[in-house]
Amino acid sequence: MRLRRTKLYLPGNNPNMLLRGHLFEPDGVILDLEDAVAMSEKDSARILVRDVLKRGDFGNCEVTVRINGMDTDLWRTDIETVVPCGIDGIRIPKVENPKDMALMDEALSEIESKAGIPAGRTLVFCLLETALGIWKAFDIATASKRIAAICPGGEDLRADLKTTRSENSEELIGPRRMVVLAAHAAGVDALDTVYANITDDAGLRRETEWVKQLGFQGKSVIHPNQIQVIHDVFTPTAKEIEQAKKIVDAAADAASRGLGAVQVDGKMVDKPVVRRAEYTLHRAGLKSGGEKQ
Amino acid sequence: MTVNAAGRNIPDSIPGYGEVNHFQGHDKRTPEGNRYGKKNRASFNSKTDKILPDIRAAISASGLESGMTVSFHHHLRNGDYVVNAVMDACAEMGIKDLVIFPTALFGVHKHLTRHIQSGVIRQIQGSVNGPIGQLASEGGMEVPVVLRSHGGRPRAVTSGDVVIDVAFIAAPTSDRYGNISGAVGKSACGSLGYAHSDAEYAECVVAITDNLVQYPAPNIHIPQYYVDYVVPVESIGDPAGIVSGTTRVTRDPMRLLIARNAAKLIESSQYFRNGISFQTGAGGISLAVAAYVREAMRERGIKGSFGLGGITEFFVDMMKEGLFERLMDVQSFDLAAVKSIGENPNHIEISADWYANPWNAGCAVNMLDTVVLGATEVDRNFNVNVNTEADGALLHGIGGHQDTAAGAQLTIITTPLLRGRIPCAVDSVYTVTTPGEVVDAIVTEFGVAINPKRQDLIDSAREAGDVPLVSMDELIEKAKGLTGNMSPVETDERIIGVVEYRDGTVIDVVRQLKKK
């Protein structure tokens, strides 16, 4: 399992951010060839992103590239350019057809094979930015083994839902719940969309607390100053970590002694509670038993 | 030619400057003899009014002649009207070949260009920011500019290296007998720290004020016994350019990242304890470092002793909160600092001599634990350039850089690794302003390089575990990898700027740019 609390978008035409984005220590970076880049700059941005990828200097970040949509004629050139650089994954915008994921899987396999990259290394992150995409979320999430996460859209989705942004994004409550449900049913991560107001830290914190409660594992980020707020929300408190360690240790102890039942502080603990405790340690950057990941 | 202790090849004599005392190391040159003393004067009760009708009358009364040296302070910053007005009057009166000796010049002083070109001004001894620096760099001045630090300047005055014939002191408030205050008046600027040595040592002192008050003036910063004449004028400056409004901490993520790295280094050091003293500038990164340090002081219950230097609202608030006992203020940057220095006895005005002069019985920078400074370039030997830009043009003064770096126990230089496509970490800086021997760490967004001679800091940073340590070599290689090698600046042999170290030795020179 990989921590994906924050994925920072880096405009593909901005060398300053492409070279420095990882320094803000998000869990992942998204080098963006899509919305951040004007149509007239697509070629130059692709070359720039390729050259930055070749440097391979991204710290511990999971490196993904948002390619142009599969409804354009750019996506093949995009993946042919960036996948041979050995990235961790691609982020595909406006996914709404599970069959496209099979097509993408095939295309990626071919490129990986030619480039000598281990088959299946390149993961896929799907942006569900239309009503149809949200509706088909589970089918999309299960369409390829490469799918690592599904993510609801923001503005595009609102437009497709024929609504507008409200203060608390009530219009996205349903789609977010559907994405969480589909993601966990499919065994992939649910990653939330960006919070657009980059100067409203309090609003960002409220929204992050809410999506965490819904079951998201992280959020996309459009400004480095948002990273710390989101990490704060997704990182367990010292008390939560302590309790989780107790539970995980007790479970390990019970297993080693061949006992089915786990007791912590004199109380019986169910398996789901142990799983949640393991997840708490994961979010804290700790493996079971408290070692650093 | 002599290779000095900073590795620079410097002529033994420079036309328009004279014999060179070569830089030998930051604490090697010590003074001989006595301090300079100005001529005695007497006044009796037959003279109870020093007022003259205008600046021209004061110039006449002062005995100012062609070839003399006149001084100014820069507390009115970019709002100052006085320097331009005095030079205009000198030009009208046919006075020429003046040496002007300001504590600093700003963009508003671009007006002086005409007086340089017409020969009213022969030389500038002081920082030359912006357009005048560009003019000098391109060979527009006959005699080299002499740059001194905030401590080096009062050293030059008190030692007699520079004799000020007439000091024109912009006075936000004065009474008719020359008691001057910076704290009150429509052009209030707070501390008048940089003007003190000029008032004390100049052969003649003229106060120019736009707030003439009944004797005695309130909140007296410069007392009457130094001041020869008082000139009331309608306005000495534009308040909007004198002080800024509220000083806000930057939200620029790159600056915040550099500031966070600097704060981590400070927090990991032995100096982060009760009684810490601290100086930062008012720039984006510096203020953000202060914000992070303030947060850490709150969290760890640390109370500091004093904040030093140019004072901002941020430091005033830290004192109000109990995070500093006192502020020692040589220059008040914003409205809150101006108000505080007028009201709070723990907010103390200090002179530049007190602040940073290496040739007295002990200046304030010697008591400083930590200072956070900027740079245009840093190099493999931790030398710092703050004077010239990548194109070789002389664009910035030294400020208190050399002084605080030499005085503080922990001197931190914050700089982005690149500005645009220009590397800020290089093999060898174009101009050495502050020698690497007094610099302890370079902090960039790509990591923190600690001077290898400070193994104690390296150890404490490693122990803390959250300081992203890198070597200086790694930073330079990283910068080169991103930008490639820069083409060298093309210059003529002619020297247009002399950079003095705070002890009056020459640490580096700036040469005229080749015409493109």
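Residue positions within a chain follow its written sequence, with the count starting from 1. For naming, the first written chain is A and the first written ligand is 1, with later ones following in the order written. It should be noted that, the model being predicted, local features are given only for residues of pLDDT at least 70 and side-chain atom pairs only at 80 or more, the latter also being counted only at that level, while totals for whole chains, interfaces and linings use all residues.

A. Focus on the domain arrangement of chain A. Source of the domain bounds: an automatic or database domain assignment. If you check the domain split of chain A, you get domain 1 (6–234) and domain 2 (238–283). Spacing between the C-alpha centres of domain 1 of chain A and domain 2 of chain A amounts to 33 Å.

B. The arrangement of the interface of chain A and chain B in detail. By definition, residues are in contact whenever their C-beta atoms, placed on the basis of the backbone, come within 7 Å of each other. Residue-level contacts link 8 residues of chain A with 8 residues of chain B. Charged means Asp, Glu, Lys or Arg here, nonpolar means Ala, Val, Leu, Ile, Met, Phe, Trp, Tyr, Cys or Pro, and polar covers whatever is left, Gly included. When its residues are assigned to classes, the side of chain A that touches chain B shows 4 nonpolar, 3 polar and 1 charged.

C. Quick look at the sheet that holds strand β20 (residues 377–379) of chain B. Residue and element names in this part refer to chain B. Strands qualify as paired when DSSP identifies two bridges or more between them. Put simply, DSSP marks the helices as runs of H or I at least four residues long and the strands as runs of E at least two long, and each gets a number from the N terminus on. Spatially, β21-β20-β25 is the arrangement adopted by the 3 strands of the open sheet, whose pairing is mixed. Both outer strands of the open sheet, β21 (384–385) and β25 (425–426), are each paired with one neighbouring strand and no more. Two strands pair when backbone bridges link them, and β20 and β21 are joined in this way by 2 bridges, in the antiparallel orientation. Its bridge partner lying in β21, Val378 is registered against Val384.

D. Spotlight on the pairing of strand β5 (residues 123–128) of chain A. Residue and element names in this part refer to chain A. With C-beta atoms placed from the backbone, a residue is labelled by how many other C-beta atoms lie within 10 Å of its own: buried for 20 or more, exposed for 12 or fewer, partly exposed between the two. Of all the 6 residues making up β5, 6 are buried; the element is thus mostly covered by neighbouring parts of the structure. By the alternation rule, side chains of β5 split into Leu123, Phe125 and Leu127 and Val124, Cys126 and Leu128, which are all buried. Note that strand β4 (residues 89–92) and β5 share 4 bridges and pair parallel. In the sheet register, Arg91 faces β5, and the bridge partner there is Phe125. Crossovers are described as right-handed under a simple rule: with the strands pointing away from the observer, the path leading from the first strand over the helix to the second runs clockwise. Crossover β4 to β5 through helix α4 (residues 98–115) is right-handed. With 5 bridges joining them, β5 and strand β6 (residues 147–152) adopt parallel strand pairing. If you follow Phe125 over to β6, its bridge partner there is Ala149.

E. Geometry of the packing of helix α2 (residues 42–55) of chain A against helix α3 (residues 75–82) of chain A. All names here are of chain A. Where α2 contacts α3, the two axes come as close as 9 Å, and the packing angle between them is 20 degrees. As judged from the angle between their axes, α2 and α3 are roughly parallel. The way α2 lies across α3 gives a crossing that is right-handed. Residues Arg46, Val49, Arg50 and Leu53 of α2 lie in contact with α3, whose contacting residues are Thr77, Asp78, Thr81 and Val82. Taken together, the residues that form the contact of α2 with α3 break down as 3 nonpolar, 2 polar and 3 charged. What counts as an axis is a line fitted to C-alpha atoms, over the stretch in contact for a helix, and the angles between N-to-C directions run from 0 to 180 degrees. Every angle not falling under 35 degrees, over 145, or within 65 to 115 is termed oblique; those three ranges are roughly parallel, roughly antiparallel and roughly perpendicular. Two helices crossing with the near one rotated counterclockwise from the far one by less than a right angle form a left-handed crossing, whereas a clockwise rotation gives a right-handed crossing.

F. Structural view of the nonpolar core. Definition of nonpolar core: a set of buried Ala, Val, Leu, Ile, Met, Phe, Trp, Tyr and Cys residues joined via C-beta atoms within 7 Å. Grouped together as the largest cluster of nonpolar side chains are 243 residues, with contacts concentrated most on Cys126(A), Ile150(A), Val82(B), Ile169(B), Val206(B) and Ile208(B). The dominant element in this core, judged by the number of residues it contributes, is helix α8 (residues 253–268) of chain B, at 9 residues. If we skip the residues at most four places from it in the chain, Ile150(A) touches Cys126(A), Leu128(A), Ala137(A), Ile140(A), Ala141(A), Val179(A), Ala182(A), Ala183(A), Val188(A) and Ala190(A).

G. Expanded view of the sheet that holds strand β11 (residues 180–181) of chain B. Residues and elements named next belong to chain B. Strand order in the open sheet made by the 3 strands is β11-β10-β13, with mixed pairing throughout. The sheet terminates laterally at β11 and β13 (212–213), the two strands that pair on one side only. Here 2 bridges tie strand β10 (residues 173–175) to β11, and the two strands are oriented antiparallel to one another. Counted as the bridge partner of Thr173 is Ser181 from β11.

H. Quick peek at the confidence of the model for chain B. The pLDDT averaged across chain B works out to 95; a share of 99% of its residues lies at or above 70. We note a pTM of 0.91 for the whole complex and an ipTM of 0.84 for its interfaces. On a scale of 0 to 100, pLDDT captures the predictor's confidence in every residue.

I. Region of interest: helix α8 (residues 173–186) of chain A. Taking 1.5 Å per residue as the helical rise, α8(A) with its 14 residues ought to reach 20 Å, and the 20 Å between its terminal C-alpha atoms agrees with that figure. Note on α8(A): the residue one or two positions beyond its end, Gly187(A), has a positive phi of about 80 degrees. Take the residue count of a helix, subtract one, and multiply by 1.5 Å to get its expected span.

J. Up close: the packing of helix α11 (residues 238–256) of chain A against helix α12 (residues 271–283) of chain A. Residue and element names in this part refer to chain A. At a closest axis distance of 8 Å, the pairing of α11 and α12 adopts a crossing angle of 130 degrees. By the angle class used here, α11 and α12 are oblique. Pair α11 / α12 crosses with left-handed handedness. Contacts between α11 and α12 involve Glu240, Ile241, Ala244, Lys245, Ile247, Val248 and Ala251 on the former and, on the latter, Val273, Val274, Ala277, Glu278, Thr280 and Leu281. Here the residues of the contact of α11 with α12 sort into 9 nonpolar, 1 polar and 3 charged.

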